[in-house]
Amino acid sequence: RRCVQETAVSVIKELCNLLLNKLQYDPTKIELVVAPGFLHLPLVRAILADYIEVSSQDVSQYGNGEYTGEISAKLLKQHKSKWVCLGHSERRDKFGEKDEMIAQKMEQVMTQGLSAIVFVGEKVEEKDENKSDEVIHKQLTAIKDKVVNWDRIAIAYEPIWTYNTGRNISPDQVQDSMEIIKKWLKTNVSPDVAAKTRLLYAGSINCLLYTSPSPRDQRGSRMPSSA
């Protein structure tokens, strides 16, 4: 076990020092956020350059208290984790997290002055039933009233319908999904928020679809994702 732990720490140090800290970009124009597992948050934060932010992969819906095994937003703040991931498909699917719980977590994040990457997206059956708009709208509506500052929010579209289905998502489909989010923000929050909120793509891609002059005619296997 010690060997495995030492190997993990060694890999993390190399990744931070030899790759992330050597990336050349303008931090005033690009914000880089890294989301390691809970155990390695302090280590990664200590190694990374100050202009690279750190995010947790999850947070408790409760504050500090008698909640065995939970990691509160206040604790994350104390460990200098400024970002939190909320609503990832694996949390929704494997741990049964509902929109209501994600809203509770958002409230904790906002209370502690942290920022959130909110994951939204539809399953394959929802995609096939043309419910993409409905699903994404519902997920966003759940957290809307808990957000006190949209400058501290990034929204990540996760095409769950491509996971283990053999389907690929095209550039046009990614853009369509972004437009669903933008239109919702414009209608339900404000045009200013819709223009400023950072939208991310949180799925895998088939590189052929993004390099071919005729992307709609290409077919291929979904690349594996990683946390």
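All figures in this text were calculated on a predicted structure; none of them were measured in a lab.

Here we come to the overall build of the chain. A tally of helices and strands in the chain yields 10 helices and 6 strands. Here the chain holds 227 residues, and 40% of them are scored as buried. If you take every contact in the chain between residues at least 6 apart in sequence, the share linking residues at least 24 apart comes to 65%. Split by element, the accessible area of the chain, about 13,300 Å² in all, is 51% carbon and sulfur.

Okay, helix H7 (residues 132–144) next. Structural remark: α-helix, 3.6 residues per turn; residues separated by three or four positions point the same way. With 13 residues, H7 should reach 18 Å at 1.5 Å per residue; the first-to-last C-alpha distance of 18 Å fits that figure. Turning to H7, the residues buried within the fold contact helix H4 (89–94), helix H5 (99–111), strand E4 (115–120), helix H6 (124–128), strand E5 (153–157) and helix H8 (171–188).

Our focus in this paragraph is the side chain of Ser56. Relative to the helices and strands, Ser56 is located in strand E2 (residues 53–56). The exposure class of Ser56 is buried, given its relative accessible area of 0%. For Ser56, the contacting residues outside a window of four places in its chain are Phe38, Leu41, Leu76, Ser81, Trp83, Val84 and Cys85.

Moving on: the pattern of salt bridges. The final tally for this structure, using the stated rule, is 15 salt bridges. For Glu31, the salt bridge identified is with Arg198, shortest N-O distance 2.5 Å. Highlighted residues: Glu31 in the loop between helix H1 (2–19) and strand E1 (33–34) and Arg198 in strand E6 (residues 198–201), separated in sequence by 167 residues. A residue is classified by how much of its surface remains accessible, and Arg198, at 32% relative accessible area, is partly exposed. A single network of salt bridges, built from pairs that share partners, joins Asp58, Arg91, Glu97 and Lys105.

Counting 42 residues, the largest nonpolar core has Met106, Trp150 and Ile153 as its most contacted members. Looking at this core, the element that brings in the most residues is H8, giving 6 residues. The contacts of Met106, once residues within four sequence positions are left out, are Leu86, Ala116, Val118, Ile143, Lys146, Val147 and Ile153. Judged by nonpolar contacts, the second largest core, of 6 residues, contains Trp83, Ile117, Ala154 and Ala156.

The relative placement of two packed helices is expressed as an angle between their axes plus a distance between the axes. Where H5 contacts H7, the axes come no closer than 8 Å and their chain directions differ by 40°. In terms of orientation, H5 and H7 fall into the oblique class. In the packing of H5 onto H7, the handedness of the crossing is right-handed. Contact with H5, carried on its side by Asp99, Ile102, Ala103 and Met106, involves Lys138, Gln139, Ala142 and Ile143 of H7 and no other residues of that element. When the residues that make up the contact of H5 with H7 are grouped by side-chain class, the tally is 5 nonpolar, 1 polar and 2 charged.

Moving on to the side chain of Ser115. Looking at the element boundaries, Ser115 is found in strand E4. Every residue in contact with Ser115, bar those within four places of it in the chain, is listed here: Lys82, Trp83, Val84, Val109 and Arg152.

With that settled, consider the sheet that holds E4. One open sheet accounts for 6 strands, arranged E1-E2-E3-E4-E5-E6; its pairing is parallel. At either end of the open sheet lies a strand with only one pairing partner, and these are E1 and E6. Inspection of the sheet shows E4 paired to E5 by 5 bridges, in the parallel sense. When the sheet's bridge partners are listed, Ala116 is paired in E5 with Ile153. This element, H8, spans E4, E5 and E6 of the sheet and lies at about 150° to E6.

Moving on: unusual backbone geometry. Positive phi, close to 55°, is recorded for Asn130, a residue that is not glycine. If you trace the backbone, Asn130 turns up in the loop between H6 and H7. One non-glycine residue, Asn164, lies in positive phi territory at about 55°. As for its position among the elements, Asn164 is in the loop between E5 and H8.

Parameters and conventions
- Residues numbered from 1 in each chain as written.
- Predicted model: local features only at pLDDT ≥ 70, side-chain atom pairs only at ≥ 80, totals over all residues.
- Heavy atoms only, no water.
- Helix = DSSP H or I, 4+ residues; strand = E, 2+ residues; numbered from the N terminus.
- Buried < 20%, exposed > 50% of the residue type's maximum accessible area, 1.4 Å probe, protein only.
- Contact = heavy atoms within 4.5 Å.
- Areas by Shrake-Rupley, 256 points an atom, 1.4 Å probe, with all protein chains shown as cover.
- Expected span 1.5 Å × (residues − 1).
- Salt bridge = Lys/Arg side-chain N within 4 Å of Asp/Glu carboxyl O.
- Core = buried A, V, L, I, M, F, W, Y, C linked by side-chain atoms within 4.5 Å.
- Axes fitted to C-alpha atoms, helices over the stretch in contact; angles between N-to-C directions.
- Parallel < 35°, antiparallel > 145°, perpendicular 65-115°, else oblique.
- Left-handed = near helix turned anticlockwise from the far one by under 90°.
- Nonpolar A, V, L, I, M, F, W, Y, C, P; charged D, E, K, R; others polar.
- Pairing = 2+ DSSP bridges.

Everything listed is a geometric property; what it means functionally is a separate question.
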